[in-house]
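Residue-level structural notes
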Amino acid sequence: MSPISQNKSAGGAKGRGNVLAAGAQQALEEGEHAPAVHVLPPLPYSLNALEPVISAKTLSFHYEKHHKAYVDKVNSLVGGTALAELSLEALILHTAGQAEYTEVFNNAAQAWNHTFYWHCLTPQVAADIPATLHRKIKESFGDLGNLKKEFAAAATAQFGSGWAWLVADGSSLRVIKTANGEDPLPSHLRPLLTIDVWEHAYYLDYQNRRPDYVHALLDKLINWEFAASNLG
Ligand code: MN3
């Protein structure tokens, strides 16, 4: 199972493709539906594993409070409704851009984005970037230094809360940024890496110095093997 599949019913929900066709209100009305089963997945490392770049205090609040709250909120919003059996990915795809589902989208996307983000970081950075990924980085950015520059620029320039992403767009790679809970899934871009630039991700450790947090992650914590695995 993919480390970012969080819903026990992922892949098994019946009729997810047209579950919203009956209308937004109807889909969120309670009926003969199961409770939602999204779970907070375990962190892939201990709370202090990313020190000194990210403190245990930051990780504790970020994972145990913020991430957990998004998961709990999704369950409370869709539990007992026709959306209860949808995986987070399916919820994101089906609710993106629909005003009546903004709250479901925001919380489902944030639940998914955070699990993805934890896997983008590692205390044991590989000495070499996997060859397939490294070749694509060179094709799209020239070299790793240019990718890091572009990634840092996007993460720093995102105004307010959001995320910076390395994505595969067809056969090439590019860097994008998204606001608030938005992510690349509804645009059918394949996310390879992300950095959370909400203030809760860095403020305890870096205060207003977002660029220092971003550069520290890019230089010291990026899980290139996870990024390569996302090429599919
Ligand atoms: Mn966050």
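Figured I'd write up the structure that's included with this text. (Residues numbered from 1 in each chain as written. Predicted model: local features only at pLDDT ≥ 70, side-chain atom pairs only at ≥ 80, totals over all residues. Heavy atoms only, no water.)

Comments concerning helix α8 (residues 210-220)
- For α8, every residue scored as buried is listed here: Arg-210, Tyr-213, Val-214, Ala-216, Leu-217 and Leu-218.
- Contact partners of the buried residues in α8: α4 (102-120), α6 (144-157), β3 (190-196) and α7 (203-206). (Buried < 20%, exposed > 50% of the residue type's maximum accessible area, 1.4 Å probe, protein only. Helix = DSSP H or I, 4+ residues; strand = E, 2+ residues; numbered from the N terminus. Contact = heavy atoms within 4.5 Å.)

Some words on the coordination of the manganese ion
- All of the protein donors around the manganese ion are His-62 (NE2), His-114 (NE2), Asp-196 (OD) and His-200 (NE2); their distances to the metal are 2.0 to 2.2 Å.
- Mapped onto the polypeptide sequence, the residues donating to the manganese ion form the spacing pattern H-x51-H-x81-D-x3-H. Here His-200 lies in the loop between β3 and α7 and His-114 lies in helix α4, a separation of 86 residues in the sequence.
- Judged by its relative accessible area of 0%, His-114 falls in the buried class. (Donors = N, O, S within 2.8 Å, 3.2 Å for Na, K, Ca; no water.)

Here's the deal with the pattern of salt bridges
- A complete count under the given rule lists five salt bridges for this structure.
- The closest approach of N and O atoms between Glu-103 and Lys-73, which form a salt bridge, is 3.5 Å. Placement of the pair is Glu-103 in helix α4 and Lys-73 in helix α2 (residues 56-78), with a sequence separation of 30 residues.
- Glu-103 gets classed as partly exposed once you look at its relative accessible area, which sits at 43%.
- The exposure class of Lys-73 is partly exposed, given its relative accessible area of 32%.
- For Arg-209, the salt bridge identified is with Asp-212, shortest N-O distance 3.1 Å. (Salt bridge = Lys/Arg side-chain N within 4 Å of Asp/Glu carboxyl O.)

Description of the nonpolar core
- Ranked by size, the top nonpolar core spans 71 residues in total, and within it Leu-133 and Tyr-213 carry the most contacts.
- No other element matches the 10 residues that α4 contributes to this core.
- Beyond its immediate stretch of four places on either side in the chain, Tyr-213 contacts Ile-54, Tyr-117, Ile-195, Asp-196, Ala-201, Tyr-202 and Tyr-206. (Core = buried A, V, L, I, M, F, W, Y, C linked by side-chain atoms within 4.5 Å.)

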